[in-house]
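Here is what each chain is made of, one letter per residue.
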Amino acid sequence: MKNKNVHQYGPQTMAIHGGEPARHGVGAPVGTPICRTSTFTFSSTAEMKRWAEGKSKAYIYSRYGNPTLSVAEGKIAALEGGEAAVVTASGMAAISSALLGVLKCGDELISTAQVYGGSYRLMRDVFPDMGIKVHQVGTDLAGLEELATPRTKCLYVETPTNPTLRLVDLDKAIKFAKRHKLISIIDNTFATPVLQNPLGMGFDIVVHSATKALAGHSDVIAGVAVGNKHRMERVRHMVIDLGGSMDPEAAHLLLRGIKTLGVRVERQCLNAMAVAKFLGKHPQVARVHYPGLASHPDHKLAKKQMRGFGTMLAFDLKGGLPAARRFCDRVQLFLLAASLGGVESLVILPIYSSHYNMSAEELKRAHVSPGTVRVSVGLEDAEDLIRDLQQALA
Ligand SMILES: *Cc1c(COP(=O)(O)O)cnc(C)c1O
């Protein structure tokens, strides 16, 4: 875009033009070129010395930064309303780098218990060995005050949650974090920047699995962290040192996907609502978990803090695990696969995927039962999706 004052543009315009260089001369590429190189030249040792002294922002080596990655970073920062972003090789690279940029041995972290399985295992299996203590709190944040100690450094939340789409009250969470001077991090993957922008509410860092709705086509693993320049410098150092940098090819796929994010999420939300309503009326279904339904415990909160109800839902079958397995084995249009947020509709059983090696107690806290089916609603025609559900439940 010509005008760098981006604030006058809406989110869909930003998804298309945000982060892109000016392209108004003769022969400027409209598509973002893939800068497929591992290393970059310097004009002189004097320039290299400037780089070594931190006085030059020149690209040196693609693990540190690359022009294709920079475009993706500018675009996502614009979409989330952040000063800067760091793209990473996966969502988990963004999450681990953001957390390790904040926490050191002896520190304590408070996290909502219902987080993505990978994040949960990072906090349960890895952090304790590093001397980082993790406290868990429910999505209702009950008992939060009692968990804060002088060593608490960070509050980590995810909302809506996987797989039952419970919400965390963002206002409450941010007030608590500010009162205790904690750095607040939120996984915004399920909401997407289309439905929720937590930085504007006061959160310090937003992380995404860009593998999901941002890229949107089930063809790339990617992640991103967004926040102010100072915090993103810290995240970038962690990414550089831990090695979770994104590949330029992946950045190109991510950029291509993001351009249609707005229309995809809008339509997928409509499809999800249609699917949720259908399931809600089906005699085999015990319960539907979708924040768009008035029966969902967080429906009111969703209306308050989100601009739509999302593309994800879950449901419990009256017949428990055997019925859930039978359903998943019978769908034809829906694909039986992990992941979410892509154009293809997917179904999965959390107990065989995100929640695979969890105790009965852990499952109970996550509101997951053996008969819970999670659905990622794609971009197909809603009537076709419903017809497939109908035949698979018959
Ligand atoms: C998939 C996912 C992640 C992990 O992202 P990867 O790209 O697979 O590393 C983190 N958080 C949420 C909510 C996810 O759905």
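Everything quoted here is computed from the prediction, not taken from an experiment. (Residues numbered from 1 in each chain as written. Predicted model: local features only at pLDDT ≥ 70, side-chain atom pairs only at ≥ 80, totals over all residues. Heavy atoms only, no water.)

Peer 1: Can you tell me about the domain arrangement of the protein chain, naming the residues and giving the values?
Peer 2: Structurally, the protein chain comprises domain 1 (11-258) and domain 2 (261-393). Between domain 1 and domain 2, the C-alpha centre-to-centre distance is 27 Å. The interface of domain 1 with domain 2 comprises 39 residues on the first partner and 41 residues on the second. Between domain 1 and domain 2 the total buried area reaches about 3,400 Å² when both faces are included, carbon and sulfur atoms providing 55% of it. When the buried area of domain 1 at its contact with domain 2 is split by residue, Pro163, Leu167 and Leu195 rank highest and sum to 19% of it. Across the domain 1-domain 2 interface, the total number found is three salt bridges. (Domains from an automatic or database assignment. Contact = heavy atoms within 4.5 Å. Buried area = accessible area lost by both parts, 1.4 Å probe. Salt bridge = Lys/Arg side-chain N within 4 Å of Asp/Glu carboxyl O.)

Peer 1: Tell me what's going on with the site of the ligand, and back it up with residues and numbers.
Peer 2: Taken together, 14 residues lie around the ligand, and Met92, Asp187, Ser209, Thr211 and Lys212 are the ones closest in. Residue methionine 92 places a main-chain N or O atom 2.8 Å away from an oxygen atom belonging to the ligand. Here a nitrogen atom of the ligand and a side-chain polar atom of aspartate 187 are 2.6 Å apart. In the complex, 93% of the free accessible area of the ligand, which totals 380 Å², lies under the protein chains. No other element matches helix H4 (residues 91-100), which puts three residues into the shell around the ligand. (Near = heavy atom within 4 Å. Polar contact = N/O pair within 3.5 Å; in protein donor to acceptor, adjacent residues only side chain to side chain. Areas by Shrake-Rupley, 256 points an atom, 1.4 Å probe, with all protein chains shown as cover. Helix = DSSP H or I, 4+ residues; strand = E, 2+ residues; numbered from the N terminus.)

Peer 1: Tell me what's going on with the pairing of strand E9 (residues 312-317), and back it up with residues and numbers.
Peer 2: Counting buried residues along E9, six of its six residues qualify, which places the element largely inside the surrounding structure. Judged by which residues are buried, E9 turns out to be covered on both faces: Met312, Ala314 and Asp316 on one side and Leu313, Phe315 and Leu317 on the other are all buried. As defined by bridge partners, strand E8 (residues 285-289) adjoins E9 across four bridges and the pair is classed as antiparallel. The residue bridging histidine 289 from the neighbouring strand is alanine 314, located in E9. (Buried < 20%, exposed > 50% of the residue type's maximum accessible area, 1.4 Å probe, protein only. Pairing = 2+ DSSP bridges.)

Peer 1: Report on helix H15 (residues 382-393), specifying residues and quantitative values.
Peer 2: When the terminal C-alpha atoms of H15 are compared, their 16 Å separation across twelve residues agrees well with the 16 Å that a helix rising 1.5 Å per residue should span. Listing the buried residues of H15 in full gives Ala382, Leu385, Ile386, Asp388, Leu389, Ala392 and Leu393. For H15, the buried positions fall inside an angular range of 160° around the axis, keeping them on one side. Counted as exposed and oriented over 90 degrees from the buried face of H15: Glu383 and Arg387. The inward-facing, buried residues of H15 contact helix H11 (261-281), E8, E9 and helix H13 (320-330). (Expected span 1.5 Å × (residues − 1). Arc of directions from axis to C-beta.)

Peer 1: How would you summarise the nonpolar core if you had to cite specific residues and measurements?
Peer 2: Grouped together as the largest cluster of nonpolar side chains are 50 residues, with contacts concentrated most on Val87, Leu155, Val226, Met246 and Leu254. What leucine 254 contacts, discounting residues up to four positions off in sequence, is Ala72, Ile76, Val87, Ala210, Leu214, Ala215, Ala222 and Met246. Counting 31 residues, the second largest nonpolar core, distinct from the first, contains Leu122, Ile132, Ile185 and Leu363. (Core = buried A, V, L, I, M, F, W, Y, C linked by side-chain atoms within 4.5 Å.)

Peer 1: Mind laying out the environment of lysine 55, listing which residues take part and the relevant values?
Peer 2: Counting through the fold element by element, lysine 55 comes out in the loop between helix H2 (45-52) and helix H3 (67-80). Since its relative accessible area comes to 54%, lysine 55 is described here as exposed. A C-alpha to C-alpha distance of 57 Å links lysine 55 and glutamine 332, two positions 277 residues apart in sequence. A distance of 3.1 Å separates the side chain of lysine 55 from the side chain of glutamate 53, its partner in a polar contact.

Peer 1: Give me the lowdown on the sheet that holds strand E7 (residues 223-227), citing residues and values where you can.
Peer 2: Strand order in the open sheet formed by seven strands is E1-E7-E6-E5-E4-E2-E3, and the pairing between neighbours is mixed. Edge strands, defined here as strands with exactly one partner in the open sheet, are strand E1 (84-88) and strand E3 (133-137). Between one strand axis and the next, the sheet turns by 20° as a mean value, whatever way the strands run. As judged from the three bridges shared by strand E5 (residues 183-187) and strand E6 (residues 205-209), these two strands associate in the parallel manner. Each bridged residue has a counterpart across the sheet, and for aspartate 187 the counterpart in E6 is valine 207. Here helix H9 (residues 229-242) sits on the sheet in contact with E1, E5, E6 and E7, set at roughly 20° to E1. (Axes fitted to C-alpha atoms, helices over the stretch in contact; angles between N-to-C directions.)

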